[in-house]
Amino acid sequence: MDIHVRLLSKKDYADLRKSMSKAYHGIGGIWSKENIVDLIDIFPEGQFCVEANGHVVACALSIIIDSKKTSIEDSYLEITDDGKFTKHDYNGDTLYGIEVFVHPDYRSLRLGRRLYDSRKELCEQMNLKGIVAGGRIPNYYNYADEMSPRVYIEKVKRKEIYDPTLTFQLSNDFHVKKILKNYLPGDSESKEFATLLEWNNIYYDPNARASSATKQTIRLGLVQWQMRLFEDLEDFYDQVEFFVDAVSDYGADFIMFPEFFNTPLMRPYNDLPERMAMEKLAGFTKEISERISKFAVSYNVNIIAGSMPLYERGKLYNASYLCHRNGHVDQYRKIHITPNELKYYGMVGGNEVKVFDTDCGKIGLLICYDVEFPELGRILAEQGMKILFVPYMTDTQNGYMRVRHCAQARAIENECYVAIAGSVGNLPHVNNMDIQYSQSAVFTPSDFAFPNNAVKAEATPNAEMVLIADVDLYALRDLHEYGTVQNLKDRRKDLYSVKLLK
């Protein structure tokens with residue numbers, strides 16, 4: 001599946017109409033092609049859609065109003081002028097949400113959250129006060145005989161009642177300003193009631209016109225994974241999804257799991273030789289990477305799925321999967337195989353070193369032992385890497401310290417951030433995986449714009465937890481141009497160089 005948010009275009013109308021008809025089946029209220037063309041003409045940057053495998057399956061439409069001239073408590077038909085949109089004012093101060101809908105076949109993917117996030121980003125970029133919108137309460141018909149809309153809304157707020165629309169909007173930081181009557185004629189589920197919702201832009205500056213449109217602060221979520229035995233594969237997925245859910249709730253852009261985090265699934269094969277047991281585990285890799293890719297899409301977070309064994313044409317690799325939140329999946333194969341990986345499993349190294357393009361910029365991936373070879377980090381830095389992710393697995397403290405100190409060196413010499421994540425605890429009944437030692441962390445360059453010890457954040461040693469940290473890409477740019485020392489610029493290329501041979 002390939003999913004991404006983009007601006008709506010006029011040629012999307014056929015898809016938009018099909019999805020909207022499915023979303024509002026039995027209610028009506030389909031926008032005409034003329035309406036959509038008018039909206040795109042007057043305010044193209046305010047019309048968002050989600051494209052899935054080449055088709056528009058969700059959409060958010062909006063205009064800008066001037067809150068001094070147009071009251072947000074005016075009726076929907078008044079503000080939209082019955083589809084003429086004459087109240088749109090590009091110099092206004094408030095984004096008015098006309099429409100959000102998601103094709104019912106795609107609602108499990110949380111596409112609505114992506115559209116809301118795009119609107120919020122637009123508000124921040126255009127320096128608008130906030131967003132106002134009307135929202136249906138489609139579960140109200142089940143309670144209409146028992147309570148008023150006001151009581152129903154209060155119970156939804158207190159989580160005593162679940163409403164698929166209002167619960168979602170409240171979870172996205174909207175609050176209810178007013179109850180609207182006769183909002184959408186024919187909406188029998190909501191009994192034609194709706195909520196007037198508002199979201200406030202805390203970065204709004206009345207003395208400024210617009211702010212930067214470029215996302216430069218990236219939030220990382222590292223899972224310090226407790227090795228535990230699982231009853232079956234679904235039990236493993238439950239644990240993975242628990243962490244994805246938790247980290248995505250913090251608005252993270254990336255979540256990373258450790259190297260070989262799925263090795264508890266080797267327990268049923270512990271009586272086999274180590275190589276055969278690892279091959280059995282590799283049999284799950286395709287299914288696991290596909291399942292985690294679905295989590296990336298539905299929770300809207302890029303996931304680095306630690307690493308897992310990959311069996312291909314008689315060779316066993318240690319592979320990591322970068323599951324983008326748009327549905328795309330990239331793969332990286334560990335270059336440097338440790339003596340134990342060779343001795344017990346006969347693993348071989350990969351042959352490709354490259355950065356990956358993400359919606360947060362260029363990142364690099366190295367697995368554990370790889371980070372102890374400075375050439376790899378330098379090659380990635382020359383390709384534009386800003387954040388290096390290193391899933392690792394170490395059984396002793398001295399093994400961990402090798403990974404840690406080398407990761408810190410890579411951050412300084414390549415003027416980038418380095419995030420490392422490992423496993424903790426014990427894993428009986430799985431050969432060669434019995435003990436773990438970890439302290440996950442995010443490292444920075446060493447200069448005035450960064451922490452004095454060049455450590456942005458670090459986990460508690462040997463405790464299962466999630467580490468959340470924000471990294472500023474602007475600080476890397478400034479370091480590169482104005483740093484106390486400039487490692488990348490000051491290299492003596494007349495004497496030496498690092499380059500790929502393939």
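Please read all numbers here as calculations on a predicted model, not as lab measurements.

Chemist: Is there a simple way to think about unusual backbone geometry in this case?
Modeler: Trans is the common state for peptide bonds, and a negative phi is the common state for residues other than glycine. Phi is positive for E415, which is not a glycine, with a value near 50°. Secondary-structure assignment places E415 in the loop between α12 (397-413) and β17 (417-421). Classification of E415 as buried rests on a relative accessible area of 5%. Positive phi, normally seen in glycine, also occurs at A454, with a value near 60°. Its place among the elements puts A454 in the loop between β20 (441-443) and β21 (455-458). Residue A454 is classed as buried on the basis of its relative accessible area, which comes to 7%.

Chemist: Help me understand the packing of helix α7 (residues 233-249) against helix α9 (residues 285-298), please; the structure alone is not making it clear to me.
Modeler: Working note: a packed helix pair is described by the angle between its axes plus the distance between those axes. At a closest axis distance of 11 Å, the pairing of α7 and α9 adopts a crossing angle of 30°. Along this stretch, α7 crosses α9, giving a crossing that reads as right-handed. Counting all contacts with α7, which are made through L233, E234, F236, Y237, V240, E241 and V244, the residues of α9 involved are E287, I288, R291, I292 and F295. Split into classes, the residues belonging to the contact of α7 with α9 amount to eight nonpolar, no polar and four charged.

Chemist: Explanation requested: the packing of aromatic side chains in the structure shown.
Modeler: Each pair of aromatic rings is reported with the distance of its centres and the angle of its planes. On inspection of all chains with the given rule, the structure shows 25 aromatic pairs. Measuring from centroid to centroid gives 6.3 Å for F43 and Y90, while their planes differ by 80°, and the two rings are edge-to-face. In this pair, F43 sits in the loop between α2 (33-42) and β2 (48-52) while Y90 sits in the loop between α3 (76-80) and β4 (94-102), placing the two residues 47 residues apart along the sequence. What makes F43 buried here is its relative accessible area of 0%. Classification of Y90 by relative accessible area gives partly exposed; the value is 40%. Consider the rings of W225 and F236, whose centres lie 6.0 Å apart with planes at 70°: the pair is edge-to-face.

The rules behind each value
- Residues numbered from 1 in each chain as written.
- Predicted model: local features only at pLDDT ≥ 70, side-chain atom pairs only at ≥ 80, totals over all residues.
- Heavy atoms only, no water.
- Helix = DSSP H or I, 4+ residues; strand = E, 2+ residues; numbered from the N terminus.
- Buried < 20%, exposed > 50% of the residue type's maximum accessible area, 1.4 Å probe, protein only.
- Axes fitted to C-alpha atoms, helices over the stretch in contact; angles between N-to-C directions.
- Left-handed = near helix turned anticlockwise from the far one by under 90°.
- Contact = heavy atoms within 4.5 Å.
- Nonpolar A, V, L, I, M, F, W, Y, C, P; charged D, E, K, R; others polar.
- Phe/Tyr/Trp six-rings, centres within 6.5 Å; stacked < 30°, edge-to-face > 60°.

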